[in-house]
Amino acid sequence: MAGLNSSSNLVELHDVSVTQDEHVVIRSVNLSIVPGEFIYLIGKTGSGKSSLLRALYADLPLASGRGMVCGHDLSTIHRKNVHILRRDLGIVFQDFSLLHDRSAEENLAFVLRATGWSETTAIHQRIQTCLEAVGLGTKGYKMPHTLSGGEQQRLSIARALLNEPPLIVADEPTGNLDPETTEGILVLLHELAQDNRSVIMATHDHEAFKRHPGRVLQCIDGQVSSFDTVPG
């Protein structure tokens, strides 16, 4: 990790603005995330939630301001070196974004090899560890289409854990799941937000605040307001 230690903030945004197709979608954002936090990012569709998350993993560039994510200066990240930042991030999408022509294990192996892993035994051990961490320890041989929606999301979370990232960015990870499955994914994500790892999750599920504690950030018209921890 570039310049990150256990006492560092995982995210530091100072007066950040983000544009998309020449339109300002995020403006004047100041945000710090410390290790061990669980953060809910809420707001209406089009309020800037996804754009803020995309800025954190450098899918959208900063138009102005300064940003550090997991020790990486966002102003120095571009298409050719973005993989360096994303080794220190776990990204979980609403639509799972799995490779459907490969088994669960092969999905994870593809990511490990793409991020520099080459030793077969180490790859196998890391895959098994991550599958067990999300409750899929016996399902590595299965193809994604044979897994339930909740299992597919657990597989995508296992993928996010592969390189032991200090920050997981989850964009509406329960948006396509039923309430019972949603609860299981929320419990899993909260279990992952401890010690030196944090989770920031965009969600429309405001009931989640009542069941699980977390800090709340609210996007309103491209600006972000922060609230104290919401009790479970």
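Everything discussed here concerns the structure shown above.
The following refers to the structure shown. (Residues numbered from 1 in each chain as written. Predicted model: local features only at pLDDT ≥ 70, side-chain atom pairs only at ≥ 80, totals over all residues. Heavy atoms only, no water.)

**A few points about the overall build of the chain**
What counts, and what does not: Only runs of H or I of at least four residues qualify as helices and only runs of E of at least two qualify as strands under DSSP, and these elements are numbered from the N terminus. Relative accessibility under 20% of the residue-type maximum defines a buried residue, over 50% an exposed one, and the middle range a partly exposed one, all with a 1.4 Å probe and only protein chains included. Whether two residues are in contact is decided by their heavy atoms, any of which lying within 4.5 Å being enough. Calculation of accessible area relied on Shrake-Rupley with a 1.4 Å probe; when residues are assessed, cover is drawn exclusively from the protein chains displayed. Within this scheme the basic residues Lys and Arg register as positive and the acidic residues Asp and Glu register as negative, but His and the chain ends are omitted. Each charge is placed at NZ for Lys, CZ for Arg, CG for Asp and CD for Glu.
Helix and strand counts for the chain stand at seven helices and ten strands. Across the 232 residues of the chain, 48% fall into the buried class. Partitioning the intrachain contacts of the chain with sequence separation of at least 6 by distance along the chain shows that 70% fall at a separation of at least 24. Surface exposure of the chain reaches about 11200 Å², of which carbon and sulfur atoms provide 48%. Side-chain charges of the chain comprise 20 positive and 27 negative groups, with the mean position of each set lying 3 Å from the other.

**Quick word on the packing of aromatic side chains**
Operational definition: Any Phe, Tyr or Trp ring, taking Trp's six-membered ring, that has another such ring centre within 6.5 Å forms a pair; planes under 30 degrees apart are called stacked, those over 60 apart edge-to-face, and the others tilted.
For the coordinates displayed, the defined rule picks out two aromatic pairs. Between tyrosine 57 and phenylalanine 93, the ring centres sit 6.3 Å apart and the planes meet at 90°, which makes this aromatic pair edge-to-face. Of the two residues, tyrosine 57 sits in the loop between helix H1 (49–56) and strand E4 (62–69) while phenylalanine 93 sits in strand E6 (residues 89–93), which places them 36 residues apart along the sequence. The class for tyrosine 57 is buried, based on a relative accessible area of 7%.

**Considering the sheet that holds strand E5 (residues 72–73)**
This is how the line gets drawn: For two strands to be treated as a pair, DSSP must find at least two bridges joining them. All axes are obtained by fitting lines to C-alpha atoms, using only the stretch in contact for helices, and the reported angles, taken between N-to-C directions, cover 0 to 180 degrees.
Spatially, four strands are ordered E2-E1-E4-E5 in an open sheet, and the strand pairing comes out antiparallel. Every interior strand has two partners, whereas the edge strands, strand E2 (23–33) and E5, have only one. Bridging between E4 and E5 involves two bridges; their strand directions are antiparallel. Looking across to E5, one finds that valine 69 is bridged to histidine 72. Here H1 sits on the sheet in contact with strand E1 (11–20), E2 and E4, set at roughly 115° to E1.

**Structural notes on helix H6 (residues 179–192)**
So the rule is basically this: To estimate the expected span of a helix, count its residues, drop one, and scale the result by 1.5 Å. Whenever two N or O atoms come within 3.5 Å, that pair is a polar contact, provided that in protein one can donate a hydrogen and the other can accept it, and provided that, for residues adjacent in sequence, both atoms are side-chain atoms.
The terminal C-alpha atoms of H6 lie 20 Å apart, and with 14 residues this matches the ideal 20 Å at 1.5 Å per residue to within 8%. Those residues of H6 that fall on the buried side of the exposure criterion are Thr182, Ile185, Leu186, Leu188, Leu189, His190 and Leu192. Next to the buried residues of H6 lie strand E3 (38–42), helix H4 (120–133), helix H5 (149–161), strand E7 (167–171), strand E8 (198–202) and helix H7 (208–211). A side-chain oxygen of the first residue of H6 lies 3.1 Å from the backbone nitrogen of glutamate 180; this N-cap is aspartate 178.

**Describing the environment of arginine 86**
For arginine 86, the position within the fold is in helix H2 (residues 82–86). The partly exposed category is assigned to arginine 86, whose relative accessible area is 31%. When the C-alpha positions of arginine 86 and proline 165 are compared, they lie 8.7 Å apart, and in sequence the two are 79 residues distant. The contact partners of arginine 86, leaving out residues within four places of it in the chain, are Tyr57, Ala58, Asp59 and Ile91.

**Quick notes on unusual backbone geometry**
If you check the backbone angles, aspartate 21 has positive phi at about 55° while not being a glycine. Assignment of secondary structure puts aspartate 21 in the loop between E1 and E2. On the accessibility criterion, aspartate 21 (66% relative accessible area) is exposed. For cysteine 70, which is not a glycine, the phi torsion comes out positive at approximately 50°. Along the chain, the position of cysteine 70 falls in the loop between E4 and E5.

**Quick look at the packing of H5 against H6**
Between two packed helices, what matters for the description is the angle formed by their axes and the separation of those axes. Here is the rule: Angle categories are assigned with fixed cut-offs, so that under 35 degrees is roughly parallel, over 145 is roughly antiparallel, 65 to 115 is roughly perpendicular, and the rest are oblique. Working rule for handedness: look at the near helix, and if it is turned counterclockwise from the far one by less than a right angle, call the crossing left-handed; if clockwise, right-handed. As a working rule, the residues Ala, Val, Leu, Ile, Met, Phe, Trp, Tyr, Cys and Pro are called nonpolar, Asp, Glu, Lys and Arg charged, and the rest polar, with Gly in that last group.
Where H5 meets H6, the closest approach of the two axes is 10 Å, and the angle between their N-to-C directions is 15°. Taken together, the axis directions place H5 and H6 in an arrangement best described as roughly parallel. Judged by the sense of rotation from one axis to the other, the crossing of H5 with H6 is right-handed. From H5, Gly150, Gln153, Arg154, Ile157 and Leu161 reach across to H6, where they touch Thr181, Gly184, Ile185, Leu188, Leu189 and Leu192. Grouping the constituent residues of the contact of H5 with H6 by class yields six nonpolar, four polar and one charged.

**What about the nonpolar core?**
What counts is decided by this rule: For our purposes a nonpolar core is just a set of buried Ala, Val, Leu, Ile, Met, Phe, Trp, Tyr and Cys residues, chained together by side-chain atoms within 4.5 Å.
With 37 residues, the main nonpolar core has Tyr40, Leu155, Ile157 and Met201 as its most contacted residues. Elements represented by at least two residues in this core include exactly E3, helix H3 (104–114), H4, H5, E7, H6, E8 and H7. Excluding anything up to four places from it in sequence, isoleucine 157 contacts Val92, Val134, Ile185, Leu188, Leu189 and Leu192. One finds Val16, Ile26, Ala55 and Ile77 within the second-largest nonpolar core, a separate group that totals 31 residues.

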